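Here are the chains, one letter per residue:
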Amino acid sequence: MTADAHTGLLLRAYLMAAVVLGPVVRWHIRKRIGRGKEDAQRYREKFGEATAERPQGTLVWLHAVGVGEVLTLPALIRAMATKRPELNFLVTSSTLTAARAVAANLPDKTDHQYLPVDCLPFVHRFLDHWRPDLSVWAEQDIWPALVVESSRRSVPLAMVNGRMGQDSFASKWRVRSLFADLYTRFSVIEVQDEKSRSHMQQLGIPAGSVLVRRSLKAGALPLWVDQNRLRQLSEQLSNRFIWLAASTHAVEEAKVFAAHRTVLETKPDGILILCPRDPKQGGSAYDTARSIGLSPQLQSLNPDIASNTNLFIADSIGELGLWYTLADQAFVGGSLEPVGGHNPYEPMRMNCAVIHGPHIANFAQDYATAHVAGAALQVSGTAELAASVLNPATLKTRVMARGLLAAGEENLNDCAETLLRLVARDG
């Protein structure tokens, strides 16, 4: 699709703006540093100023935005490196949270940098330094200047794990000529479902140029676990009934707490570990829990779990693997209220049973696949959530999840093979 890439008026206008907006971007980034939303030590990477040396040899550059998408990349990198050990890898992400989450999961011969803001001076600086031999974009977000300049330098472009829901399609449709010009520069486009492929086709991409592949998240590696901290907490929680509520949002936490009160009626020694999606909301979760009679504790104030604590709020980043390992079952949040749900494969990979609410639009296909396999349970509200947590049969879903994960690994290896065909061998 890249032979004679078209550059229409909208794309030309974007690229012209991308030349001159650098000073505004610098001001904006520095303002965000003051609010704690950017990495104060590495923010210059967003201006294309590298903080690591480019390794010698062939370099594969992979980019993803969200935490779940970024954490899929280490498994894909390992699959590629197993087949081509000489390769080097660069992972980029945009947010502070994603950078912290992936830091402990980077494979050998892999660097991490923040993606430069899509201004041409920053883009040129980034590409001049790293000189990638392949550019891989995960999920749906692409940046025009980076795509166009990579293509101009004859860097093969691939999109994997793509997804284009109705809202995303509607926004792209309004500037469809822009996105048609961008997508035609990709040598490989893989999306997670037929709806995404249909949306791509309506944007002007031939259906035969878009491959439907199951989500790569099912093949992701287990999350990192601090083994010393795991041993310490296992001793503190010995013989207690533990369940987890992961990636929760404030709008649903009152329902989760009400379910825990019901659990405590049967399991008075029980403890709920709560991992808010936004750790900064731990304080408000604490106040809500106290208001309904629970005995909460904030990890940020005391990391050792007191014996009288029945709700431990893990207001931290990068420890979700630890909590999934401690608990045998987890409610995956963002699903009791219309948020859209979160990744079911992370708890499955840690041998943790998955419970979720009805609002899972962001992972609809993933949960549908899990339900067919008997690897997840859906609940409608507080009463069903408490009943599922107390039901020993819930734990049987972990056995069914193993087959789902094995198929996910095979799918990820197939994707790695596809990408490697785009990477020239040295010499």
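Computed from a prediction, not measured in an experiment: that's the story for all the values here.

Conventions used here
Residues numbered from 1 in each chain as written. Predicted model: local features only at pLDDT ≥ 70, side-chain atom pairs only at ≥ 80, totals over all residues. Heavy atoms only, no water. Helix = DSSP H or I, 4+ residues; strand = E, 2+ residues; numbered from the N terminus. Rg over C-alpha atoms; globule rule 2.2 N^0.38 Å. Buried < 20%, exposed > 50% of the residue type's maximum accessible area, 1.4 Å probe, protein only. Contact = heavy atoms within 4.5 Å. Lys, Arg positive; Asp, Glu negative; His and termini not counted. Charge placed at Lys NZ, Arg CZ, Asp CG, Glu CD. Salt bridge = Lys/Arg side-chain N within 4 Å of Asp/Glu carboxyl O.

Examining the overall build of the protein
Summing up its helical and strand segments, the protein has 18 helices and 14 strands in all. Its C-alpha atoms give the protein a radius of gyration of 23 Å, near enough to 22 Å, the size a compact globule of 427 residues would have. Judged by the C-alpha coordinates and their principal axes, the protein covers about 70 × 45 × 45 Å. Taken over 427 residues, the protein has a buried fraction of 53%. A separation threshold of at least 6 residues defines the contact pool for the protein, and within that pool the share at least 24 residues apart is 68%. For the protein, the centre of its 45 positive side-chain charges and the centre of its 42 negative side-chain charges are spaced 3 Å apart.

Let's talk about the pattern of salt bridges
This structure, assessed with the given rule, holds 16 salt bridges. The residue R349 makes a salt bridge to E409 at a minimum N-O spacing of 2.6 Å. Note that R349 is positioned in helix α15 (residues 345-349) and E409 in helix α18 (residues 397-420), a separation of 60 residues in sequence. Judged by relative accessible area, R349 falls into the buried class, the value being 18%. Using a relative accessible area of 37% as the deciding quantity, one classes E409 as partly exposed. One salt-bridge network, held together by shared partners, links D128, E149, R152 and R153.

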